[in-house]
Amino acid sequence: MVPAILGRESELAAMDRLLEAARRRPAGILLTGEPGMGKTTLWSAGVAAAQEAGFGVLRAQPAAEEAGWGFATLAELLDAAPAGALGGLPGPQRLALEIALLRADPAGVAPDQRAIALATASLLRALAQERPLLVAVDDLQWLDPATASVLAFALRRLGAPFGLLATQRSGAQQALTLGLEKSWPEGSLERLTVGPLTLGALHRLFVERLGFSFQHLTLVRIRELSGGNAFYALEIARELRRAGSLPATGDPLPLPETLGELLRVRLERLPAATRQTLILVAAAGVTTKATLAAALAVDPVVALDPASRAGIVDATGGLVRFRHPLLASAVLADAGEAELREAHRRLADGSTNPEARARHLGLAAPGRRWMQPASPRTGWGSGPRRSSARAPCRTWPTIRS
Ligand SMILES: Nc1ncnc2c1ncn2[C@@H]1O[C@H](COP(=O)(O)OP(=O)(O)OP(=O)(O)O)[C@@H](O)[C@H]1O
Ligand SMILES: [Mg+2]
């Protein structure tokens, strides 16, 4: 069953336009976004709408572990082609495609890539001439290379109207779609970034999935921490339910253990100097390279390089910020209190802005409510892995219906 979609009106409207256009010409939509943002949810809605509108839909959802298997996705896509569709192909093309799809014995002959590509083009053309056609691939980043090149070839040479609906995690290689962008008429491939859900959509998501929601301020905090990401927001909401109470204002929301663990593993791969620098960035929220340079004994650009390459921070301009608020939260949750105080002290030293300086000095002062006094062992870089001080909890959030 296709799950109900909350919000996303403009993306749904774009998919309606795609189906309209795909009856007359090649037209495509590529949905990109971070993991859990809702790409597959939209993609499934597009597939369902196409089926309802009478399209023939060839669909595939490649998985990471299949990315190395030749023609794994092509086989999945063509699975829905009517039985006998291959029958109309010229003999050598048909045999090559059947071998690629593991429907015929190769008898010691490697399948000929060109014949497979031509066969795929002929097959798709025949299908597109019968009724409107939608090719739908979720998670393009895991398309096996053999399918990617055959599909790109076939779609370029189809010579008939069709639609392409694909999703891709942001930051992934864009091989297939780049090929199409070059060969398709300008404007026929639309890229849509799937961004944060609105507060209203998150509220309804919680009500529908969990049977409750939160007060406005808590919703705002969950949205901030999750970056409006449906998957993360649901995880955080479940964790709040498990905890049974809300942290006091100003204290971090708890990260779900599984999510926290995932993020921690990612951070632990980084060199110690990088992690120390990340504590400063997390304590600052957003900061400048100049502030970091003044606050640190090491060159921040060099220290942050492994984190930039791992997609954890964006340090391309003068500013340095985390790529996702959850990563900053994981760094803060993992830092010892003495490390945090030291980070704020250094940020105060490095800040030229008097307001920022005062704020960091306040946060560096011993005795702040959520901090424990530093133990003698918890100096810079050698602090305990996790804070043991927990703020007094307030009561369970008001549950909206
Ligand atoms: N607009 C929405 N309405 C209702 N539920 C949503 C919406 N967007 C996302 N969700 C829910 O959030 C979760 C993650 O969404 P989804 O699987 O679509 O993300 P994704 O972007 O495809 O992630 P990945 O890159 O990991 O495949 C799912 O449980 C999904 O049902
Ligand atoms: Mg997905």
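This structure is a prediction, so every number in the text was calculated from the model and none was measured. (Residues numbered from 1 in each chain as written. Chains lettered and ligands numbered in written order. Predicted model: local features only at pLDDT ≥ 70, side-chain atom pairs only at ≥ 80, totals over all residues. Heavy atoms only, no water.)

A.B. asks: Teacher, can you tell me more about the confidence of the model for the protein chain here?
C.D. replies: A low pLDDT means the predicted coordinates there should not be read in detail. Here the protein chain averages 81 in pLDDT, and 86% of its residues register 70 or above. Within the model, the stretch residues 369–401 combines pLDDT values under 50 with 84 contacts to residues more than four positions away or in other chains. (pLDDT = per-residue confidence, 0-100. Contact = heavy atoms within 4.5 Å.)

A.B. asks: Quick question: what am I supposed to make of the site of ligand 1 here?
C.D. replies: In the vicinity of ligand 1, 18 residues are found, and the nearest of them are Gly36, Lys39, Thr40, Thr41 and Arg209. One of the backbone N or O atoms of Gly38 is found 2.9 Å from an oxygen atom in ligand 1. Within the side chain of Arg169, a nitrogen or oxygen atom sits 2.8 Å from an oxygen atom of ligand 1. For ligand 1, whose unbound accessible area comes to 620 Å², protein coverage reaches 84%. Looking at the shell around ligand 1, the elements that each hand over two or more residues are helix 2 (39–52), helix 8 (199–210) and helix 10 (230–243). A per-element tally of the shell around ligand 1 places helix 2 first, with 3 residues. (Near = heavy atom within 4 Å. Polar contact = N/O pair within 3.5 Å; in protein donor to acceptor, adjacent residues only side chain to side chain. Areas by Shrake-Rupley, 256 points an atom, 1.4 Å probe, with all protein chains shown as cover. Helix = DSSP H or I, 4+ residues; strand = E, 2+ residues; numbered from the N terminus.)

A.B. asks: Just checking my understanding: could you explain the pattern of salt bridges for this structure?
C.D. replies: Side chains carrying opposite charge are able to pair once their charged atoms draw close together. Taken as a whole, this structure holds 8 salt bridges when the rule is applied. As a salt-bridge pair, Arg264 and Asp334 come within 3.6 Å of each other at their nearest N and O atoms. Linking Arg264 in helix 11 (residues 257–268) with Asp334 in helix 15 (residues 325–334), this pair joins segments that are 70 residues apart in sequence. Here Arg264 falls in the buried class, since its relative accessible area comes to 13%. Residue classification places Asp334 among the buried positions, given a relative accessible area of 10%. A salt bridge links Arg309 to Asp305, with the nearest nitrogen and oxygen atoms 2.9 Å apart. In this pair, Arg309 and Asp305 are both assigned in helix 14 (residues 300–309), 4 residues apart and thus about one turn of the helix distant. For Asp305, a relative accessible area of 32% translates into the label partly exposed. (Salt bridge = Lys/Arg side-chain N within 4 Å of Asp/Glu carboxyl O. Buried < 20%, exposed > 50% of the residue type's maximum accessible area, 1.4 Å probe, protein only.)

A.B. asks: Even after reading the chapter, I still don't get the pairing of strand 1 (residues 27–33), so can you show me in this structure?
C.D. replies: The two faces of a sheet get side chains in turn, since along a regular strand they alternate between them. Within strand 1, 7 of the 7 residues are buried, which leaves it mostly tucked inside the rest of the structure. Residue alternation in strand 1 divides its side chains into two sets, Ala27, Ile29, Leu31 and Gly33 and Gly28, Leu30 and Thr32, and both sets are buried. Where strand 1 lies against strand 4 (residues 163–169), 7 bridges are found, and the strand directions are parallel. Each bridged residue has a counterpart across the sheet, and for Gly28 the counterpart in strand 4 is Leu164. Bridging between strand 1 and strand 5 (residues 189–193) involves 5 bridges; their strand directions are parallel. Its bridge partner lying in strand 5, Leu30 is registered against Arg191. (Pairing = 2+ DSSP bridges.)

A.B. asks: What is the right way to look at the sheet that holds strand 3 (residues 133–137) in this model?
C.D. replies: Whenever strands of a sheet pair, they do so through backbone hydrogen bonds, lying parallel or antiparallel. Judged by pairing direction, the sheet is parallel, and its 5 strands sit side by side in the order 2-3-4-1-5 without closing on themselves. Each end of this open sheet is capped by a strand with a single partner; those strands are strand 2 (56–60) and strand 5. Mean inter-strand twist for the sheet, computed between neighbouring axes without regard to direction, equals 15°. Pairing analysis gives 5 bridges linking strand 2 to strand 3, with the strands arranged parallel. Counterpart to Ala60 in the pairing with strand 3 is Val137. On top of the sheet, helix 1 (residues 9–21) reaches strand 1, strand 3, strand 4 and strand 5; it is set at about 155° to strand 1, its chief contact. (Axes fitted to C-alpha atoms, helices over the stretch in contact; angles between N-to-C directions.)

A.B. asks: Would you mind going over the packing of aromatic side chains with me for this structure?
C.D. replies: By convention here, two paired aromatic rings are described through the distance between centres and the angle between planes. Applying the stated criterion to the full structure yields 3 aromatic pairs. Note on Phe212 and Phe214: the rings are 5.3 Å apart at their centroids and 80° apart in plane angle, and the pair reads as edge-to-face. Like Phe214, Phe212 is buried. Connected via pairs of aromatic rings, a cluster forms that spans Phe206, Phe212 and Phe214. (Phe/Tyr/Trp six-rings, centres within 6.5 Å; stacked < 30°, edge-to-face > 60°.)

A.B. asks: I tried to follow helix 9 (residues 216–226) on my own but got confused; where do I start?
C.D. replies: Residues three or four positions apart in an α-helix share a direction because the helix packs 3.6 residues into each turn. Among the residues of helix 9, those classed as buried are Thr218, Leu219, Arg221, Ile222, Leu225 and Ser226. The buried residues of helix 9 all sit within an arc of 160° when viewed along its axis, so they share a single face. Along helix 9, exposed side chains directed more than 90 degrees from the buried face belong to Leu217 and Glu224. Tucked into the core, helix 9 has its buried residues touching helix 8, helix 10 and helix 15. The first or second residue beyond helix 9 is Gly227, which carries a positive phi of 65°. (Arc of directions from axis to C-beta.)

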